[in-house]
Amino acid sequence: MSVKAFALAFLSIAGLGLAMVANASVTVKVRSTGAQGFALAGDEATTSVQMVAPGVLHVHFVPASGATPSSLVIDPRGWPNSTFTPTVTHHGDAFTLRSERMSATLDSKAGTLLVTDPRGKVLLRQDDLASLARGVIVFDHASGVPFYGLGSYNKDQSVAPGLLRSGKQVAKAGEQGHAGAPFVWSTAGFGVLVDCDGANFDLASDRITISHFKRPDADYYILVGSPEEIFSDLAKLSGPAPLFPKWSLGFLNSQWGIDQKELLSLVHTYRAKHIPLDAFILDFDWKAWGQGDYGEFRWNPDKFPDGPSGKLAHTLAAEGVHLAGIMKPRLLLGTAEGDYASAHDLWIPGETPYPEYFSHKQALDVDFDKSQARHWFGKLAIEYGFDRGIAGWWNDEADVYGKDGTPTSNTQFLNMQRALYDAQRAASDTRVWSINRAFWLGAQRYAYGMWSGDIDTGFVSMAAQRARMLSAIDVGEMNWGMDGGGYKGHPSDENYARWIEFGAFTPIFRVHGTFGEKRQPWVYGPAAEAAATAAIRLRYSLMPYIYAYQRSNYAQGIGLVRPLTFAWPHDPKVRNDVDAWMFGQWLLVSPVVAQGQTSKRIYLPAGTWIDWFSGKGYAGGQTITLPVDAKTWQGIPLFIRAGAIIPTQPVMDYVGQRPVTTVTVQVFPTDRATHFNYYDDDGDTYAYEKGVYFLQLMTTQRHGNELEFKLSASQGSYKPALQDYLLAIHGGRAQIVRVNGERLDSATSLAALKQSARTGWVVDHDRYGAVTWVKVPVGEAVSVHIDLASP
């Protein structure tokens, strides 16, 4: 469409009133109508440009036929309430929207859109807005900028490209461990999200071309800022991920080929050995699959006699173990459930019946894109599963259907879990948890975790999971996991030990194998058991730290695991680094993924780093060589970032085994102020959505020979069992300690300080050097000031 076909109508230009601009043979009208941008309006189409937030520009081309509804990529609840209004200026043919993060200028005469950062650096330029009428979105940008997002890898794809994306790409949900989104972003400071159910992207050296986005009205968002700002805005557009239940952050054991007797025996062994465990996830075994009478939904009473009554779940709950069960998208024909689906047209259109592999009976797949199918399926899952003890959903195979494994729509898997999420939310206030075998942006709104599919065992497969995880996070799936130990095959003892150490630093920590495979630590010999147990227990000690990032994911769209590009976007050495990642804001981990490795080279980005286990310090911006224990397989390359605030707790056999009344906070002050939001809630319900949570900001900084630690007053109405923080403030020996301005006397020993009910302090020494321990109450605003003794 020619620019001459447009007239220009301003939507929120306070003070401009009405202006007339000559544009060839067209008179362009400029008027204020009270929103956040402007629109090019003509007889055939309107293109609106709105700055909905400081870093978000919304562009929507609407033809005369009208707009189509938003796709599931976009949160139907809309952008959160905001008082933001951009600054608007008008110079000749140029109309500009400006915020502290970006400027967007539309040239009404040339028909171009220019997006710059606050310093005027050009980020994106659209030289031909008329191309939108042809179903093509084109952006020019600086040559050679790195791109991320769009998609990850299925279980069989080579991960050689790493995290970077270039050339022709298809945004799709994919199958078997693939994560996708119509979203591309760059560490150069921008991203583009297209509101669609799939699209083709062509990433050239200086141009992005987007096509085949399956709708006549091009609708897209330009995001500007740092990676963390971009992902925060992405979460506001696509919707937040609700908090998982706290138990799901522990160690999860899946198994195919199990009955009630073996299950209870395995749980007893976990408890006897004090190897932490929070859930058992059951495969086909838990179902009365193939038996009719809703067998695809209900317990198998032969294998699990106490399953249907809920007694088994009650017995395991007393041991602190939750149950999750597998769900399939297909139903058998000739059954009550199959007949209902046929009568109500709930199958995927055009699919022919096929013999499914488990029962070898004829089956069809439910079309979860149909709301009636979701409602019916979800209701049955609650009645036969959730109400009888199934606390989590393991959704499998909704990425393909039929005998030949035809890929489904991008939203089939999303809508399968949506069915379960909506049904459980309607039936209970208990939090929803799930894992699914593929991801499409928008799914995160439905308590949606994913895993990387039916992967092989072995070191090569294990190493490849790093790129799979980080590239899934790069499209917005922050809750990722894998079949620890590998699904296909039997891992060596060393491979199992290293896989558990890797898994301990992923968002979802789970093991699984094919039929008959066991993934308990004691199966793999004493050395592997010791190494695996140490890794599991380390994760449980970090539970307060880990849980805080569930809140971060919900509130800011940034989860527990972050590629190094998130914090060091301009460091070319981390541009395609899958060997290490940040575990939260303050820990860098680089698991051992090679057999028999005796040393490992690790790049540490800018900053100062401290080895978690040895206490040795390293300057950042260099590659170090770290010794690796190739005999006991213990020790994980794990580094503390200077400025860290890391809350820890006593290790338990399961999350919530005992009330936590004291949290130990490891503090490493540096010369810049650093922060951590300590978070807690009941861990089980959605009361946090109504303000029933506990949130307390922690801040620390070093000023020469003085250390400072502050607690802000807590927010929220939740009252945790927590009474005290025991601060381990590293960086020197205290000479004087003041709390809220009052000088305190030193305790006689650390043991005495721990036993005391009063605020106090004591100097000690640990692997990191001199440490000042300070005990302070929770919830209150507290200021700790430490004068250090001379070195």
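Residues numbered from 1 in each chain as written. Predicted model: local features only at pLDDT ≥ 70, side-chain atom pairs only at ≥ 80, totals over all residues. Heavy atoms only, no water.

Our focus in this paragraph is helix α10 (residues 543-556). Given a rise of 1.5 Å per residue, 14 residues ought to cover 20 Å, and the 20 Å separating the end C-alpha atoms of α10 matches this to within 8%. Burial runs high along α10: eleven of the 14 residues are buried. Turning to α10, its buried residues number three or more, namely Met543, Pro544, Tyr545, Ile546, Tyr547, Ala548, Tyr549, Gln550, Arg551, Ser552 and Asn553. Residues of α10 that are buried make contact with α9 (525-541), β34 (561-562), β35 (581-583), β36 (587-589), β42 (645-648) and β44 (674-680). Backbone geometry just downstream of α10 places Gly557 in the positive-phi region, at approximately 80°. (Helix = DSSP H or I, 4+ residues; strand = E, 2+ residues; numbered from the N terminus. Expected span 1.5 Å × (residues − 1). Buried < 20%, exposed > 50% of the residue type's maximum accessible area, 1.4 Å probe, protein only. Contact = heavy atoms within 4.5 Å.)

It is worth spelling out the packing of aromatic side chains at this point. As enumerated under the stated definition, the model contains 42 aromatic pairs in all. A ring pair is formed by Tyr545 and Phe676, whose centres lie 5.8 Å apart and whose planes are at 10°; its orientation type is stacked. Here Phe676 lies in strand β44 and Tyr545 lies in helix α10, a separation of 131 residues in the sequence. By the burial criterion, Tyr545 is buried, and Phe676 matches it. Aromatic side chains Phe668 and Tyr768 sit 5.3 Å apart centroid to centroid with 85° between the ring planes, which places their arrangement in the edge-to-face category. Residue Phe668 is found in the loop between β43 (662-667) and β44, and its partner Tyr768 is found in the loop between β50 (760-766) and β51 (769-777); the two are separated by 100 residues along the sequence. Stacked on the ring of Trp451, the Lys or Arg Arg510 has its end atom at 5.5 Å from the ring centre. The ring of Trp773 is capped by Lys754, whose NZ or CZ atom sits 6.0 Å from the centre of that ring. (Phe/Tyr/Trp six-rings, centres within 6.5 Å; stacked < 30°, edge-to-face > 60°. Lys NZ or Arg CZ within 6 Å of the ring centre and 35° of its normal.)

Considering the arrangement of structural elements, one finds Gly691 in the loop between β44 and β45 (694-703). Residue Gly691 is classed as partly exposed on the basis of its relative accessible area, which comes to 21%. As for Gly691 and Ser717, which are separated by 26 residues in sequence, their C-alpha atoms are 6.3 Å apart. Ignoring any residue separated from it by four or fewer positions in sequence, one finds Gly691 in contact with Gly716 and Ser717.

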